[in-house]
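# Examining the three-dimensional arrangement
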Amino acid sequence: MSGEMKVFRTAAELRAYSDAERFAGRRIALVPTMGALHAGHLSLVEEGRRRADSVVVTIFVNPTQFAPGEDFDAYPRGLEADLEQCRAAGVAAVFAPEPREMYPDGPEGGKTWVEVAELSAPLCGASRPHFFRGVATVVTKLLVVARAQVAIFGEKDYQQLQVIKRMARDLLLDVEIIGAPIHREADGLAMSSRNVYLDAGMRSEALVLSRALALAETSVRHGERSREALLERVVKEIESAPHAAIDYVELRDPETLELALETLTGEAVLALAVHFPHSIGSEERVRLIDNRVLTIP
Ligand code: AMP
């Protein structure tokens, strides 16, 4: 990879770039993000660089995946700092469109949606019913424009990764969807753009998520086979943090996302979503997610 990083604001510019790259026989890896980049995002860029010649990062806070009252307006944004990080990471091109470029009919979207049935329903889909429709639609648009051969998504958003894999398969999209491991702070907290909303006290309480995942892993290693007993232990651990309010704690099949059987066998994903108070102290809450695929010995 050489030359100056390109920054595109329109789909037409990105399409022209992708066509030229493909014509030159170069493989493109797409890394879709909502910006406020951190080391977790950069680990996806690294993975992209290993798998392709040119990494294209998209930075777009997608309005259609936020419900009214969610943090769309307050979502952290900082394009200049993001571009600097992309440059330093060897990104070939950044696509940072305005909402009207992606949604000419307005930020509530157009008439056409991509919906991935079943996989979108539980977990994050239960508490955020429009979320995966927004995600699947915007990722489809990005893939169609960028024509990447490979696209990288974090396992941090585990359900999202499964939804996108399924969508790419069902729509016969000519792209390989790759999951990259969860990047964590040294103390175990999964990196997230929303972590900046936590004050020092909540930041330290939030460690309960990774602790609960580790506890579950140890429990199955020591012979726990009951789904309910395991969930109970995990819930108790999370509730030991005084300000943690659980959205969900569930054990599901890692691929189909169906509920794990009461007697655990094979593999199960333990998925957590927990609210903490926002540092601005209002009624706003910060919703953190984390997960681990448990292998039952
Ligand atoms: P976001 O900007 O939060 O929408 O995330 C963009 C991409 O980065 C998604 O594929 C996320 O799963 C991924 N991602 C976010 N945080 C992490 C993390 N801590 N480790 C790995 N991937 C991450």
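Scroll up for the structure.
The rules behind the values
- Residues numbered from 1 in each chain as written.
- Predicted model: local features only at pLDDT ≥ 70, side-chain atom pairs only at ≥ 80, totals over all residues.
- Heavy atoms only, no water.
- Near = heavy atom within 4 Å.
- Polar contact = N/O pair within 3.5 Å; in protein donor to acceptor, adjacent residues only side chain to side chain.
- Areas by Shrake-Rupley, 256 points an atom, 1.4 Å probe, with all protein chains shown as cover.
- Helix = DSSP H or I, 4+ residues; strand = E, 2+ residues; numbered from the N terminus.
- Nonpolar A, V, L, I, M, F, W, Y, C, P; charged D, E, K, R; others polar.
- Pairing = 2+ DSSP bridges.
- Axes fitted to C-alpha atoms, helices over the stretch in contact; angles between N-to-C directions.
- Contact = heavy atoms within 4.5 Å.
- Salt bridge = Lys/Arg side-chain N within 4 Å of Asp/Glu carboxyl O.
- Buried < 20%, exposed > 50% of the residue type's maximum accessible area, 1.4 Å probe, protein only.

Turning to the site of the ligand, a few remarks are in order. Neighbouring residues of the ligand: 17 residues in total, closest H41, G154, D157, H183 and M191. G154 is positioned with one of its backbone polar atoms (N or O) 2.9 Å from an oxygen atom of the ligand. Note that a nitrogen atom of the ligand is positioned 2.8 Å from one of the backbone N or O atoms of M191. Calculation on the ligand without its partners gives an accessible area of 480 Å², and the protein chains cover 93% of this total. Mapped by element, the contributors of at least two residues to the shell around the ligand are β2 (28–33), α2 (39–51) and β5 (150–154). A breakdown of the residues in the shell around the ligand according to their chemical character gives eight nonpolar, seven polar and two charged.

Spatial ordering of the open sheet is given by β7-β8-β9, a layout of three strands whose pairing is antiparallel. The open sheet has two edge strands, β7 (245–252) and β9 (285–295), and neither has a second partner. Going from strand to strand, the sheet's axes swing by 10° on average, the running direction of each strand aside. Across seven bridges, the pairing between β7 and strand β8 (residues 267–277) is antiparallel. Residue pairing for β8: V249 is matched across the bridge by L272. Packed onto the sheet, helix α10 (residues 227–239) meets β7, β8 and β9 and runs at close to 155° relative to β7.

The next point concerns the pattern of salt bridges. According to the stated counting rule, one finds 18 salt bridges in the structure shown. For R227, the salt bridge identified is with E262, shortest N-O distance 3.8 Å. Within this pair, whereas R227 is found in helix α10, its partner E262 is found in the loop between β7 and β8, the two being separated by 35 residues in sequence. Given the relative accessible area of 18%, R227 is considered buried. For R287, the salt bridge goes to D247, with nearest N and O atoms at 2.9 Å. Of the two residues, R287 sits in strand β9 while D247 sits in strand β7, which places them 40 residues apart along the sequence. A cluster of three or more residues bridged by salt bridges with shared partners is formed by E47, R50 and R51.

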